[in-house]
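Descriptive structure summary
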Amino acid sequence: MGNSLKAIVAFVPSNECQKYLLEDLEEMPVDKTVDLSGRQLRRLPLHICSFRELVKLYLSDNNLNHLPPELEQLQNLQILALDFNNFKALPLVVCTLKQLCILYLGNNKLCSLPLELRLLQNLKTLWIESNCLQYLPEVVCELSLLKTLHAGSNALRSLPTQLRCLQELRTIWLSGNLLSEFPPVLLDMPFLEVIDVDRNSIRFFPSLAHLPGLKLVIYDHNPCRNAPKVAKGVRRVGRWSEETPEPRKRSGAVIEITLDEKPSPPPAAKPKPEAEPC
């Protein structure tokens, strides 16, 4: 009943209704964090923008599709969560928050990202999963400090070659896209530690053994006939990983290797990506 009432109240723009949704949040919390997730908000209350020392603002799981220009006053903001909303375009005011280091934009309706995103040169973690992206916006390649990129569950078919410019990038999540080949640019990124291409349409994997920083590669649920070769100590999650040998060729034919014993259970579910601390 509480959530239903909030959903109804969210349509009413009066100050009294907004105060109900905010549960009397009138002053900035001591921890400089405001969490308004799941409040059925359709607009950001303007007085939040007066909390100029605010460091973390969570607006996940609301009904937002725009943000007020007054948000620019939050120049100390480092974490902004806008996931699970109704944004069709990233509000440009977000690109004025130059201290941002973590930005959550997943589960919206974004088809592109603005060029102004390049202004966020302190950004280290970017989540753009579960949107409507058919290509990875090249502006992402200008975020020189980016360490974690989560672009899963879109409609990506390839990656731009400029991605190799991100020398700080350590983790890239690309599961649930439309990749038909392993992105060649990733072969030129020796500092990558985690590569996730689960649930794509990749039929062949090149060797990844030359990537010295690689620690984990997730390639399950692809129609592949080989596993990516990796250096010693690198964990693979997918068919023919450590627990199950891949097929080998003999006289042009592919012969499955059989084991005397039943193979061990598949590895545990892949780890969920964690945001980098600021």
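Residues numbered from 1 in each chain as written. Predicted model: local features only at pLDDT ≥ 70, side-chain atom pairs only at ≥ 80, totals over all residues. Heavy atoms only, no water.

**Brief notes about the overall build of the protein chain**
Helices and strands together make up the secondary structure of the protein chain, namely 2 helices and 12 strands. When the helices and strands of the protein chain are read in sequence order from the N terminus, they spell out α-α-β-β-β-β-β-β-β-β-β-β-β-β. Relative to its full complement of 278 residues, the protein chain shows a buried share of 45%. Once local pairs closer than 6 in sequence are excluded, the contacts in the protein chain between residues at least 24 apart make up 25%. As presented, the protein chain carries roughly 14,300 Å² of accessible surface, and 52% of it is formed by carbon and sulfur atoms. (Helix = DSSP H or I, 4+ residues; strand = E, 2+ residues; numbered from the N terminus. Buried < 20%, exposed > 50% of the residue type's maximum accessible area, 1.4 Å probe, protein only. Contact = heavy atoms within 4.5 Å. Areas by Shrake-Rupley, 256 points an atom, 1.4 Å probe, with all protein chains shown as cover.)

**Structural notes on the pattern of salt bridges**
Within this structure, the stated rule accounts for 4 salt bridges. Where Arg-164 meets Asp-188, a salt bridge forms, and the shortest distance between an N and an O atom there is 2.9 Å. Taken together, the residues span a long stretch of sequence, with Arg-164 in the loop between β6 (148-150) and β7 (171-173) and Asp-188 in the loop between β7 and β8 (194-196) at a distance of 24 residues. The exposure class of Arg-164 is partly exposed, given its relative accessible area of 39%. Look at Asp-188 and you get partly exposed, because its relative accessible area is 42%. (Salt bridge = Lys/Arg side-chain N within 4 Å of Asp/Glu carboxyl O.)

**Examining the packing of aromatic side chains**
Ring pairs (aromatic) are described by centroid distance and by the angle formed between their planes. Under the defined criterion, the tally for this structure stands at 3 aromatic pairs. Aromatic pair Phe-205 and Tyr-219: ring centres 5.5 Å apart, planes at 65 degrees, arrangement edge-to-face. Note that Phe-205 is positioned in the loop between β8 and β9 (216-218) and Tyr-219 in the loop between β9 and β10 (235-237), a separation of 14 residues in sequence. An aromatic cluster is built from Phe-182, Phe-205 and Tyr-219, whose rings are joined through pairwise contacts. (Phe/Tyr/Trp six-rings, centres within 6.5 Å; stacked < 30°, edge-to-face > 60°.)

**Some remarks on the confidence of the model for the protein chain**
On average, residues of the protein chain score 86 in pLDDT, and 78% of them reach the 70 mark or higher. Here residues 7-12 is modelled with pLDDT under 50, and outside its nearest four sequence neighbours on either side it reaches 10 contacts, counting other chains as well. Long-range and interchain partners of residues 249-273, a stretch whose pLDDT sits below 50, account for 34 contacts in this model, where long-range means more than four residues apart. (pLDDT = per-residue confidence, 0-100.)

**A few points about the sheet that holds β10**
A sheet is described by the order of its strands in space; here 10 strands give the open sequence β1-β2-β3-β4-β5-β6-β7-β8-β9-β10, paired in parallel fashion. Edge positions in the sheet fall to β1 (33-35) and β10, since each has one partner strand and no second. Here the average twist between neighbouring strands, direction ignored, is 5 degrees. Bridging between β1 and strand β2 (residues 56-58) involves 3 bridges; their strand directions are parallel. Of the residues in β2, the one forming a bridge with Val-34 is Leu-57. (Pairing = 2+ DSSP bridges. Axes fitted to C-alpha atoms, helices over the stretch in contact; angles between N-to-C directions.)

**A look at the environment of Arg-118**
Along the chain, the position of Arg-118 falls in the loop between β4 (102-104) and β5 (125-127). A C-alpha to C-alpha distance of 7.9 Å links Arg-118 and Cys-95, two positions 23 residues apart in sequence. Setting aside residues up to four positions removed in sequence, Arg-118 forms contacts with Val-139, Glu-142 and Leu-143. Polar contacts involving the side chain of Arg-118 include one to the side chain of Glu-142, which spans 2.8 Å. (Polar contact = N/O pair within 3.5 Å; in protein donor to acceptor, adjacent residues only side chain to side chain.)

**Focus: the nonpolar core**
The biggest cluster of nonpolar side chains holds 69 residues, and the ones touching the most others in it are Leu-126 and Leu-186. Discounting residues that sit within four places of it in the chain, Leu-126 has contacts with Leu-103, Leu-105, Leu-117, Val-140, Leu-143, Leu-146, Thr-148, Leu-149 and His-150. Of all hydrophobic cores here, the second largest spans 6 residues; its members include Ala-81, Cys-101, Tyr-104 and Trp-127. (Core = buried A, V, L, I, M, F, W, Y, C linked by side-chain atoms within 4.5 Å.)

**Quick look at unusual backbone geometry**
Its identity is not glycine, yet Asp-61 carries a phi of approximately 60 degrees, on the positive side. Its location among the elements puts Asp-61 in the loop between β2 and β3 (79-81). In this model, His-221 sits at a positive phi of 60 degrees, which is unusual for a non-glycine residue. Mapped onto the secondary structure, His-221 falls in the loop between β9 and β10.

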